[in-house]
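Chain by chain, the residues:
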Amino acid sequence: MAADRTPLIAGNWKMHKTSTEAVAFLGELLPRLEGVAGVETMVCPPSIALPAVAELARAAGVRVGAQNMHEAESGAYTGEVSAAMLLDSGADAVILGHSERRELFGETDEALARKLPAALGAGLTPILCVGESEAQRDRGETEDVLERQVVADLAAVGDEQLGDVVLAYEPIWAIGTGRNATPGQAQEAIAAIRSLIARRSQAAAPAARILYGGSVNSDNAAELLAQPDVDGALVGGASLDPDGFAAIVRSAARP
Ligand code: PGA
């Protein structure tokens, strides 16, 4: 982590926890985060639990993110939610382009190119996920995949707003598999992403926070976070355990 970027640890709960369960979980998690400084913490519950989570989390200084949104302000889009609705429900950030949305729900780079400016325009911090499959890595295509995704997804974001986007490098083969990228692999890919941002804006590149995601846990977090370009973590499974998630947050904290 570089000294001038505040680390961010975000927990992606995916489709876990009702509002009732989320409130009970925060009752366990928030006391474990008391007094931890020098790190931003975020939880990303299912959208229906955002109001209940936001009330408790934000009072404790914990940020709240959604997991997806539609790019339109409103309209005939059955089952979708807009940036304004997420904001009104207490979210201040939104995960966009998670590989599960790309693979299981047909999320495209074209849609993401519309979602990114919509999120920023509404005042939400987008967390844009990019990453290669195992087959793409084996074929030596990792940097090409990252370039394609970063260039396409950020195409409609103005240079002056690039530094406000959080990116997450999430190799698909590391998500939910217990097989995290090595610190060297994470550093290499994240440095490549940062140089893609630099191609657009020399000012944004050192400002943008780029997280690593994929089987992060309390045992491997510290060495991943020690890499100079790794600015935090997007944590799935381990974010559902209050002890484990709090330990990851503590390992990112800088006095
Ligand atoms: P994982 O998920 O930590 O369970 O691998 C990460 C993610 O999907 O964001």
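Residues numbered from 1 in each chain as written. Predicted model: local features only at pLDDT ≥ 70, side-chain atom pairs only at ≥ 80, totals over all residues. Heavy atoms only, no water.

This brings us to the overall build of the protein. Within the protein, the secondary structure is distributed over 11 helices and 8 strands. A globule of 255 residues ought to have a C-alpha radius of gyration of about 18 Å, and the protein, at 17 Å, matches this closely. On the principal axes, the C-alpha backbone points of the protein span a range of 45 × 45 × 35 Å. Looking at the protein residue by residue over its 255 residues, the buried ones come to 52%. Sequence-distant contacts in the protein: of pairs separated by 6 or more residues, those separated by 24 or more amount to 73%. In the structure as shown, the protein presents an accessible area of about 10,800 Å², 51% of it carried by carbon and sulfur atoms. Across the protein, the mean location of the 20 positive side-chain charges is 1 Å away from that of the 35 negative side-chain charges. (Helix = DSSP H or I, 4+ residues; strand = E, 2+ residues; numbered from the N terminus. Rg over C-alpha atoms; globule rule 2.2 N^0.38 Å. Buried < 20%, exposed > 50% of the residue type's maximum accessible area, 1.4 Å probe, protein only. Contact = heavy atoms within 4.5 Å. Areas by Shrake-Rupley, 256 points an atom, 1.4 Å probe, with all protein chains shown as cover. Lys, Arg positive; Asp, Glu negative; His and termini not counted. Charge placed at Lys NZ, Arg CZ, Asp CG, Glu CD.)

One pass over the structure, following the stated rule, counts 18 salt bridges. Put simply, R32 and D243 hold a salt bridge, and the shortest N to O gap is 2.7 Å. One end of the pair, R32, is in helix α1 (residues 19–33); the other, D243, is in helix α11 (residues 242–252), and 211 residues separate them in sequence. Residue R32 is classed as partly exposed on the basis of its relative accessible area, which comes to 30%. For D243, a relative accessible area of 45% gives the class partly exposed. Among the ionic pairs, R200 bridges to D159, the shortest N-O distance being 2.8 Å. Here R200, found in helix α8 (residues 183–200), pairs with D159, found in the loop between α7 (142–153) and β6 (166–169); they are 41 residues apart in sequence, far enough to count as distant. Of the residues examined, R200 reaches a relative accessible area of 31% and is grouped as partly exposed. When its relative accessible area of 37% is taken as the criterion, D159 is described as partly exposed. (Salt bridge = Lys/Arg side-chain N within 4 Å of Asp/Glu carboxyl O.)

Before going further, it helps to examine the packing of helix α5 (residues 109–122) against α7. Where α5 meets α7, the axes come as close as 8 Å, and the angle between the chain directions of the two elements is 45 degrees. With respect to their mutual orientation, α5 and α7 come out oblique. On α7, the residues that touch D109, L112, A113 and L116 of α5 are Q149, A152 and D153. For the contact of α5 with α7, the per-class residue count stands at 4 nonpolar, 1 polar and 2 charged. (Axes fitted to C-alpha atoms, helices over the stretch in contact; angles between N-to-C directions. Parallel < 35°, antiparallel > 145°, perpendicular 65-115°, else oblique. Nonpolar A, V, L, I, M, F, W, Y, C, P; charged D, E, K, R; others polar.)

What follows covers the site of the ligand. The environment of the ligand is made up of 13 residues, and the closest members are K14, H98, E170, G176 and S215. The separation between an oxygen atom of the ligand and a polar side-chain atom of K14 is 2.7 Å. Contact distances for the ligand include 2.7 Å between an oxygen atom and a backbone N or O atom of S215. In isolation the ligand offers 280 Å² of accessible surface; the protein chains occlude 95% of this area. (Near = heavy atom within 4 Å. Polar contact = N/O pair within 3.5 Å; in protein donor to acceptor, adjacent residues only side chain to side chain.)

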